Amino acid sequence: MGFFTDEWAEAVRVAVDAGPEQDGKLPSYWQWIDRAREGYTATWALGVREMGAYLVLAWEGGKCVDARITTDPGAADYVLAASEATWRELREGADPGRVVMYRGLRLERGNVLAFFRVIYFFVESLAALARVP
């Protein structure tokens, strides 16, 4: 399965919809994630700058209901992009929280405050995404 292909996008949708592996963190952290996810509705466009391609993930009612690869982020609520090198680091095990915190994956469009209200949910979804081969 190739990176940023339709097959990979569907595997990512399944992985992020299943949620993160719940190990190594306090139960209160996972309770926060569950509350943030409950009823969550938004669309994320996650891009690779050099490829000019985006993985668009659509969330409705806390479920990831659609995933597709496109060259246009369209009307996504949040558009984030990273270099190929950053995506490679994520897929090789880099800490997703640090990647976001140190601006390896940058929010290019969207309400910053609303995005960061659910940042840990986003980071755990990014971790699930990074585990897809």
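Everything here concerns the structure above.
Residues numbered from 1 in each chain as written. Predicted model: local features only at pLDDT ≥ 70, side-chain atom pairs only at ≥ 80, totals over all residues. Heavy atoms only, no water.

On to the overall build of the protein chain, then. A count of helical and extended segments in the protein chain gives 6 helices and 5 strands. Along the protein chain, helices (α) and strands (β) appear in the sequence α-α-β-β-β-β-α-α-β-α-α when read from the amino end. On C-alpha atoms alone, the protein chain measures out to a radius of gyration of 14 Å, which is about the 14 Å that the 2.2 N^0.38 rule sets for 133 residues. Its C-alpha atoms give the protein chain principal-axis dimensions of roughly 40 × 30 × 30 Å. Going through the 133 residues of the protein chain one by one, you find that 46% of them count as buried. Total accessible area on the protein chain stands at roughly 7100 Å², and carbon and sulfur atoms take up 49% of it. Averaged over its 15 positive side-chain charges, the protein chain has a centre that lies 5 Å from the centre of its 19 negative ones. (Helix = DSSP H or I, 4+ residues; strand = E, 2+ residues; numbered from the N terminus. Rg over C-alpha atoms; globule rule 2.2 N^0.38 Å. Buried < 20%, exposed > 50% of the residue type's maximum accessible area, 1.4 Å probe, protein only. Areas by Shrake-Rupley, 256 points an atom, 1.4 Å probe, with all protein chains shown as cover. Lys, Arg positive; Asp, Glu negative; His and termini not counted. Charge placed at Lys NZ, Arg CZ, Asp CG, Glu CD.)

Before going further, it helps to examine helix α1 (residues 6-18). A rise of 1.5 Å per residue sets the reference length of α1, with its 13 residues, at 18 Å; its end C-alpha atoms lie 19 Å apart and thus fit the reference within 8%. Restricting attention to buried positions, one finds in α1 the residues Trp-8, Ala-9, Val-12, Arg-13 and Val-16. What you see down the axis of α1 is that its buried residues fit within an arc of 145°, all on one side. Exposed residues on α1 whose side chains face more than 90 degrees from its buried face are Glu-7 and Ala-18. Residues of α1 that are buried in the fold lie against α2 (27-37), β2 (53-61), β3 (63-70) and α6 (119-130). (Expected span 1.5 Å × (residues − 1). Arc of directions from axis to C-beta. Contact = heavy atoms within 4.5 Å.)

A few words on the pairing of β3. By the bridge criterion, 7 bridges tie β2 to β3 in an arrangement that is antiparallel. For Ala-58, the partnering residue across the bridge sits in β3 and is Asp-66. Once β2 ends, the chain turns through 1 residue before running back antiparallel as β3, passing Gly-62 with a positive phi of about 85°. (Pairing = 2+ DSSP bridges.)

Quick look at the pattern of salt bridges now. Taken as a whole, this structure holds 5 salt bridges when the rule is applied. Across the pair Arg-37 and Asp-17 runs a salt bridge, and its minimum N-O distance is 3.1 Å. Placement of the pair is Arg-37 in helix α2 and Asp-17 in helix α1, with a sequence separation of 20 residues. For Glu-124, the salt bridge goes to Lys-25, with nearest N and O atoms at 2.7 Å. Of this pair, Glu-124 sits in helix α6 while Lys-25 sits in the loop between α1 and α2, and the two are 99 residues apart along the sequence. With relative accessibility at 6%, the residue Glu-124 sits in the buried group. Judged by its relative accessible area of 40%, Lys-25 falls in the partly exposed class. (Salt bridge = Lys/Arg side-chain N within 4 Å of Asp/Glu carboxyl O.)

Grouped burial of nonpolar side chains is what soluble globular proteins tend to show. Counting residues in each nonpolar core, the largest one holds 39 residues, and the members touching the most others are Trp-44, Leu-55, Leu-57 and Phe-122. Among the elements that make up this core, the one with the highest residue count is α6 (8 residues). Membership of the second largest hydrophobic core comes to 5 residues, among which are Ala-45, Val-56, Ala-76 and Val-79. (Core = buried A, V, L, I, M, F, W, Y, C linked by side-chain atoms within 4.5 Å.)

Another aspect to go through is α2. Turning to α2, its buried residues are Tyr-29, Trp-30, Ile-33, Ala-36 and Arg-37. Buried residues of α2, viewed axially, fall in a sector of 120°; they line one side. Residues of α2 that are exposed and point over 90 degrees away from its buried face: Pro-27 and Arg-35. Looking at the buried residues of α2, the elements they touch are α1, β1 (39-48), β2, β3 and α6. Just past α2, the residue Gly-39 takes up positive phi, approximately 75°.

Note on placement: Val-48 falls in strand β1. We classify Val-48 as buried; its relative accessible area is 2%. In sequence terms Val-48 and Phe-4 are 44 residues apart; their C-alpha atoms lie 8.9 Å from each other. When sequence neighbours within four positions are dropped, the list of residues in contact with Val-48 reads Phe-3, Phe-4, Ala-53, Ala-82, Glu-84 and Trp-87.

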